[in-house]
Amino acid sequence: MPLPTAPAKRAALLSEQDYDLPARSQPRGRQSPAPLAESPAAEKMPTRASTERRDPTGKTATAFRKNAPAGPAKETLPSPLTDKSQLEVESPLTAPAPLQAKPRKVKHTGPSKLFVLDTNVLLHDPTCLFRFEEHDIFLPMIVLEELDAHKKGTTEVARNARQTSRTLDALAGHQGADISVGLPLNATGRREAGGKLFFQTQLLNYTLPTSLPQGKADNQILGVVEALRKQQATQAIEPGASAREVVLVSKDINMRVKARALGLATDDYQNDKTLDDGDLLYSGAIALPANFWSTHGKAVESWQQGVYTFYRINGPLVPNLLINQFVYFESPGEPSLYARVTEIRGKTAVFKTLKDFTHLKNAVWGITTRNREQNFAMNILMDPEIDFVTLTGQAGTGKTLMALASGLTQVLDDRRYSEIIVTRATVSVGEDIGFLPGTEEEKMGPWMGALDDNLEVLGKTDTSAGEWGRAATSELIRSRIKIKSMNFMRGRTFLNKYVIIDEAQNLTPKQMKTLITRAGPGTKIICMGNIAQIDTPYLTEGSSGLTFAIDKFKGWAHGGHITLARGERSRLADFASEVL
């Protein structure tokens, strides 16, 4: 009986010739068991989407299966202006799509679209080329000209332009790449992109209204979209076949309005938006239903550790809970419950009661909380096991005051952190007043008016110290608070610091990542902001860095979030927030 073949992946059984084989340019999926002859041109063709597509006539385009070997050399690649659903390869050598370990989910089931990208999309997200799944991308020549004009400088826009240029160069320089037939977007290892990238390599004829100046870049892009749309309409010559849809993607609202006025399909770039609706943002707290004890009370286990009481529950509510989410039960005539979810295992969850910071005996630097959400926020601010805290809410809800009070208590009294570092996004509401004199802290002084106001309130909480004692306390507080600019954060590492990031709603997700990754051992970061007051251009409630951080950190064992619902500044501020 012959012995089985030796395993191919064991290095000890490889011959010397096997060691000399050249390295593969990209990973190869599982091959079909039947050996298939491939032409040299087919060996250079990249893989395509992982599922079959059907055109409107019901025919299956099997030439675009992932890892499917190409047929004879007579097969042709699609042109940038040809509907892929019309290209059908009836090759008997086409093997079925092999099973993948993690198949990519494809949401689109119809013919692929052709997306024309505006320059502002590339400058906003340099990785947007790989965000369109199996669809193709078309870049007009004027877009490359605008990218070249923005690549100089040290701003975020210039960095994004340079990164986009490097990505385009990597795609064009890949082995076997041919611009005339399109550049496979998955050639550099980005398997989530199954389409191709096309450049404008020829002059396109189009006619725009005389009211639109022909020399403006936006109007040239609109003309390219119009020309592509007409060419796709003329190429859909089969009976029942629909023209391939050409869509302009732009973050410029006026650009999209002009495109719709011309009858062109257009859309905003949606991939940067964490949420489509600000009302869907994670609030950090959930109210227990009125029948909670009747539906969950029979199987509740409770025990006490120190001053805290723990409850272990199971029931239909558990799948909707997250770690460090606050739960509360308020009903007339029944005792109230305020707790935090500390553990979720399978179908059971553990609640831990909270410390009551509304009572004067638990005051933090002389400050007591005034409502339920403020008490929730103070519990996670004072918890040493929570490393990342996000606070949102309208003006006057006490975000900065509570963060400063808990920071001063943990720095000066508990000695848990060495100092407080405060920074914020320097985005002005109105016109800029020009350069500011002085050192880094002096330049940041005008931006830190909210910090000075809250420090004044905290300095008046100790009424028994006298004038001299309050002055000495103020000097001590000032020595432990450092004001830093965000412009110099890259490369730094904070050890045992209490970091406050104010006005975080004006940060982009990339800037938020840069700040949070500065945290070293023993550091706690607090991000505060009001997503209804965004001053940064092109940022919305759904694409703000604060929204991004809240959504990504929810449910983490060492992160907490709470949305403050009620203002406590003054009756005037509360009324203005509601009616203005």
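Residues numbered from 1 in each chain as written. Predicted model: local features only at pLDDT ≥ 70, side-chain atom pairs only at ≥ 80, totals over all residues. Heavy atoms only, no water.

Asks: Would you take a moment to explain the overall build of the protein chain for this structure?
Replies: Each helix and strand in the protein chain was counted, giving 16 helices and 20 strands. Counting across all 580 residues of the protein chain, residues that qualify as buried make up 42%. Restricting to contacts in the protein chain with at least 6 residues of sequence separation, those with at least 24 account for 69%. (Helix = DSSP H or I, 4+ residues; strand = E, 2+ residues; numbered from the N terminus. Buried < 20%, exposed > 50% of the residue type's maximum accessible area, 1.4 Å probe, protein only. Contact = heavy atoms within 4.5 Å.)

Asks: How should I be thinking about empty space enclosed by the protein in this particular structure?
Replies: Think of a ball as big as a water molecule: rolled over the atoms, this probe shows where empty space is left. Using the criterion set out here, one finds four cavities of 30 Å³ or more in the structure. Forming the walls of the largest cavity are 13 residues, and the residues nearest its centre are Phe 553, Lys 554, Gly 559, Gly 560 and His 561. At the level of secondary structure, the elements contributing two or more residues to the lining of the largest cavity comprise β15 (388–393), α15 (545–553) and β20 (559–564). When its residues are assigned to classes, the lining of the largest cavity shows six nonpolar, six polar and one charged. (1 Å grid on protein atoms, 1.4 Å probe; cavity = no way out; pocket = protein on both sides within 12 Å on 5 of 7 lines; lining within 4 Å. Points joined across faces, edges and corners; volume = space filled by probe spheres on them. Nonpolar A, V, L, I, M, F, W, Y, C, P; charged D, E, K, R; others polar.)

Asks: Sorry if this is basic, but what is going on with the sheet that holds strand β9 (residues 285–287) here?
Replies: Pairing is mixed across the open sheet formed by six strands, whose spatial order is β9-β12-β13-β14-β11-β10. Unpaired on one side and paired on the other, β9 and β10 (301–305) mark the two borders of the sheet. Strand-to-strand twist in this sheet, taken as the mean axis angle between neighbours without regard to direction, amounts to 30°. Across four bridges, the pairing between strand β12 (residues 326–329) and strand β13 (residues 337–345) is antiparallel. Each bridged residue has a counterpart across the sheet, and for Val 327 the counterpart in β13 is Ala 339. Docked against the sheet, helix α9 (residues 372–381) engages β9, β12 and β13, running at close to 145° with respect to β12. (Pairing = 2+ DSSP bridges. Axes fitted to C-alpha atoms, helices over the stretch in contact; angles between N-to-C directions.)

Asks: Explain the sheet that holds β20 here, please?
Replies: Each strand in a sheet pairs with its neighbour through backbone hydrogen bonds, running either in the same direction (parallel) or in the opposite one (antiparallel). Read from one edge to the other, the open sheet built from six strands follows the order β17-β16-β18-β19-β15-β20, with strand pairing classed as parallel. The sheet terminates laterally at β17 (481–483) and β20, the two strands that pair on one side only. Averaged over neighbouring strand pairs, the angle between their axes works out to 15° when direction is ignored. Note: strand β16 (residues 419–424) against strand β18 (residues 497–502), six bridges, orientation parallel. Paired with Ile 420 across the two strands is Tyr 498, which belongs to β18. Each of β15, β18, β19 (524–529) and β20 touches α9; the most contacted strand, β20, lies at about 160° to it. Here α15 sits on the sheet in contact with β15, β19 and β20, set at roughly 125° to β15.

Asks: Where do I start with unusual backbone geometry in this structure?
Replies: Most of the time, phi is negative for any residue but glycine, and the peptide bond is trans. A positive phi angle, close to 55°, is found at Glu 133, a residue other than glycine. Relative to the helices and strands, Glu 133 is located in the loop between α3 (119–124) and β4 (136–139).

Asks: Please explain the packing of α9 against helix α10 (residues 399–413) as it appears in this structure.
Replies: Each pair of packed helices gets described by two things: the angle between the helix axes and the distance between those axes. Across the interface, α9 lies against α10 with an axial gap of 10 Å and an inter-helix angle of 30°. Relative to α10, α9 is oriented so that their crossing is right-handed. For the pair α9 and α10, the contacting residues are Gln 374, Ala 377, Met 378 and Leu 381 in the first and Met 402, Ala 403, Ser 406 and Gln 410 in the second. Within the contact of α9 with α10, the residues separate by chemical class into five nonpolar, three polar and no charged. (Left-handed = near helix turned anticlockwise from the far one by under 90°.)

Asks: What's the story with the packing of helix α4 (residues 141–150) against helix α6 (residues 217–235) in this structure? I'm lost.
Replies: The geometry of α4 relative to α6 is characterised by a closest axis approach of 9 Å and an angle of 150° between their N-to-C directions. Put simply, α4 runs roughly antiparallel to α6. Contacts between α4 and α6 involve Ile 142, Val 143 and Glu 146 on the former and, on the latter, Ala 217, Gln 220 and Ile 221. Taken together, the residues of the contact of α4 with α6 break down into four nonpolar, one polar and one charged. (Parallel < 35°, antiparallel > 145°, perpendicular 65-115°, else oblique.)

Asks: Explanation requested: α15 in the structure shown.
Replies: Within α15, the full set of buried residues consists of Gly 545, Leu 546, Thr 547, Ala 549 and Ile 550. In this fold, the buried residues of α15 make contact with β15, α14 (509–516), β19 and β20. Its side-chain oxygen at 3.3 Å from the backbone nitrogen of Leu 546, Ser 544 defines the N-terminal cap of α15. Gly 555 occupies a position one or two residues after α15 and carries a positive phi of about 85°. (Polar contact = N/O pair within 3.5 Å; in protein donor to acceptor, adjacent residues only side chain to side chain.)

Asks: Looking at this structure, how should I read a nonpolar patch on the surface?
Replies: Taken together, the side chains of Phe 575, Val 579 and Leu 580 make up a nonpolar region of the molecular surface, amounting to roughly 380 Å² of accessible area. Relative to the elements of secondary structure, Phe 575 occurs in helix α16 (residues 571–579). Take Phe 575: its relative accessible area is 51%, and that puts it in the exposed class. (Patch = residues over 30% accessible without salt bridge, like charges linked within 9 Å, V, L, I, M, F, W, Y side chains within 5 Å. Areas by Shrake-Rupley, 256 points an atom, 1.4 Å probe, with all protein chains shown as cover. Salt bridge = Lys/Arg side-chain N within 4 Å of Asp/Glu carboxyl O.)

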